[in-house]
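# Remarks on the overall topology
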Amino acid sequence: MQTRTLRKHALDIFRASVKAVDPAEAIRRRIRLSGGALLAGKKRYPLERYRHIYVIGAGKASAVMASAVEGLLGRRISGGLVNVKYGHTAKLRRVECNECGHPVPDAAGVAGARRIAEIAAAAGAEDLVICVISGGGSALLPFPAAPVTLEEKQAVTKLLLECGANIHEINSVRKHVSAIKGGQLARMCAPATVLALMLSDVIGDDLDVIASGPTAPDSSTFPSAREVLERYGVWSQAPTAVRERIERGVRGEIPETPKPGDPVFDRVSNLIVGSNALAVAAAAVRARELGYRPLVLSTTIEGETRDVAGVHAAVAREIVASGRPVRRPCCVISGGETTVTLRGGGLGARNQEFALAAAIGIAGLPGVAILSAGTDGTDGPTDAAGALAFSDTLERAGRLGRDARSYLERNDSYRFFEALGDLILTGPTGTNVMDIRLVLVGP
């Protein structure tokens, strides 16, 4: 099968997976109006009970989610605010959209988080607070707990991103240097009724990990936050204020984040409206429509990007050699989110690095393509969602004088694929449910 056909099919399958987790559609699938009540999952919210309805939240998809809620409730909404990544906006009428920094939080994010906290604190027992939360919500809801400053929170976030910590570990630390994460937003909203609508971007769809669980009981602790920093050898590099706050929490001098059974959650409901599993399932359907045998490896893949890419390349080689674990033509699909340990000063991110490492593993293997891309349309600090690798990627790069291994060693995957025209450029998609990876083996 020609490379251009594999390219076309891979992008088609990826687009189908993203479309399946459109946040507006996800909201409309899970909540609706009926007989003067809002039905969300198995719960019913009679609207006449509520004096005010506020919409607040954070995440790359939160603006689109808020727009869908506005479409349902319209003038019933008294107001609200959502923090979104720069460029990830939507047209809103009743809810304010505040653009701010991601993955490193900025002053605009802090200002928005403070206003969200003010709205939450003003809500009373006769009010309904609808929280729209999606991937990226942790960085986009920065409210440093005293004495930690924004700059110090930025520094510890950067340390954790660069050392290869996964999202669960990063969020464990974030919650304990925050005044709003780890169930603390729910504490602010009490005694109001809270309905949190979540678009999951974490392995296992853990409520306390999605956006650092602002409305969910927190399973992490001050000791576990310190253990993460120590395990990755960055405890001594963390800002003094961060270490002092965590140490005070370990000694019991600072209240813990609210845990399961805390009364602040008595009137809180958390509802997942979309996830990576839904995107992967849609990819499998589209692959079959295009004539491929789909095989889903897992929706919970994590680990070092290069290692995971090597496994996917090995699966491709096995299919070509023996027809195992599925006969060609086939499409092997996986979801989840890997991590990159920075070794150089290049430009790139996990999906582009995945494609580059995979390209080395499938070099010369006929009729194979590998795609790795973020469903949000952005991969780390770049404007690309990810990249495509083919059997001839290394050969084409060599003709341009580019050595794949040297680009990989300095984490410069963006510039490598930019020269080849193999970056995936979608722009912000308005959704975010981690990553999709495809291994296409033609007939």
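Before reading on, note that the structure itself is shown above.
So, here's what we can say about the structure. Since the structure is predicted, the reported quantities are computational estimates derived from the model, not experimental observations.

## So, a positive patch on the surface
There is a patch of like positive charges on the surface, built from Arg75, Lys91, Arg93 and Arg94. Checked against the element boundaries, Arg75 lands in the loop between α3 (62–73) and β5 (79–85).

## Remarks on the packing of helix α11 (residues 305–322) against helix α12 (residues 350–361)
Look at α11 against α12: their axes get within 8 Å of each other, and the N-to-C directions meet at 40 degrees. What the angle tells us is that α11 and α12 run oblique. Every pair of crossing elements has a handedness; the one defined by α11 and α12 is right-handed. When α11 is examined against α12, the residues Thr305, Arg306, Val308, Ala309, His312, Ala313 and Arg317 are found in contact with a partner set consisting of Arg350, Glu353, Phe354, Ala357, Ala358 and Gly361. Of the residues assigned to the contact of α11 with α12, the class counts are six nonpolar, three polar and four charged.

## Regarding the sheet that holds strand β13 (residues 386–390)
Taken in spatial order, the six strands of this open sheet run β10-β11-β15-β12-β13-β14, and their pairing is mixed. In this open sheet, the two edge strands, each paired with only one partner strand, are β10 (293–301) and β14 (423–424). In the sheet, β13 pairs with β14 via two bridges, with the strands oriented antiparallel. Bridge pairing in β14 links Ala387 to Leu423.

## Digging into unusual backbone geometry
Of note, the amide linkage connecting His102 to Pro103 takes the cis form, showing an omega dihedral of 10 degrees. Along the chain, Pro103 falls in the loop between β6 (96–100) and α4 (107–122). Even without being a glycine, Asp205 presents a positive backbone phi close to 55 degrees. When you line up the elements, Asp205 lands in the loop between β8 (193–199) and α8 (222–231). A relative accessible area of 26% places Asp205 in the partly exposed class. Positioned with a positive phi, Met434 is a non-glycine residue whose angle comes to about 70 degrees. Note that Met434 resides in the loop between β14 and β15 (435–441).

## Looking at the pairing of β5
Buried residues dominate β5, accounting for seven of its seven residues. Side-chain alternation along β5 places Gly79, Leu81, Asn83 and Lys85 on one buried face and Gly80, Val82 and Val84 on a second face that is also buried. Note that strand β4 (residues 52–58) and β5 share five bridges and pair parallel. Residue pairing across strands places Ala58 opposite Asn83, the latter belonging to β5. This β-α-β element, β4 to α3 to β5, shows right-handed connectivity.

## Some thoughts on the packing of aromatic side chains
Two descriptors summarise a pair of aromatic rings, namely the distance from one centre to the other and the angle between the planes of the rings. Inspection of every chain in the model, using the stated rule, returns two aromatic pairs. With a centroid separation of 5.1 Å and an interplanar angle of 85 degrees, the aromatic rings of Phe416 and Phe417 are classed as edge-to-face. Using a relative accessible area of 0% as the deciding quantity, one classes Phe417 as buried. Taken together, Tyr407, Phe416 and Phe417 form an aromatic cluster joined through their ring pairs. Over the ring of Tyr407 we find Arg410, and its NZ or CZ is 4.2 Å from the ring centre. Between Arg437 and the ring centre of Phe354, over which it is positioned, the NZ or CZ distance is 5.7 Å.

The rules behind each value
Residues numbered from 1 in each chain as written. Predicted model: local features only at pLDDT ≥ 70, side-chain atom pairs only at ≥ 80, totals over all residues. Heavy atoms only, no water. Patch = residues over 30% accessible without salt bridge, like charges linked within 9 Å, V, L, I, M, F, W, Y side chains within 5 Å. Areas by Shrake-Rupley, 256 points an atom, 1.4 Å probe, with all protein chains shown as cover. Salt bridge = Lys/Arg side-chain N within 4 Å of Asp/Glu carboxyl O. Lys, Arg positive; Asp, Glu negative; His and termini not counted. Charge placed at Lys NZ, Arg CZ, Asp CG, Glu CD. Helix = DSSP H or I, 4+ residues; strand = E, 2+ residues; numbered from the N terminus. Axes fitted to C-alpha atoms, helices over the stretch in contact; angles between N-to-C directions. Parallel < 35°, antiparallel > 145°, perpendicular 65-115°, else oblique. Left-handed = near helix turned anticlockwise from the far one by under 90°. Contact = heavy atoms within 4.5 Å. Nonpolar A, V, L, I, M, F, W, Y, C, P; charged D, E, K, R; others polar. Pairing = 2+ DSSP bridges. Buried < 20%, exposed > 50% of the residue type's maximum accessible area, 1.4 Å probe, protein only. Right-handed = clockwise from strand over helix to strand, strands pointing away. Phe/Tyr/Trp six-rings, centres within 6.5 Å; stacked < 30°, edge-to-face > 60°. Lys NZ or Arg CZ within 6 Å of the ring centre and 35° of its normal.

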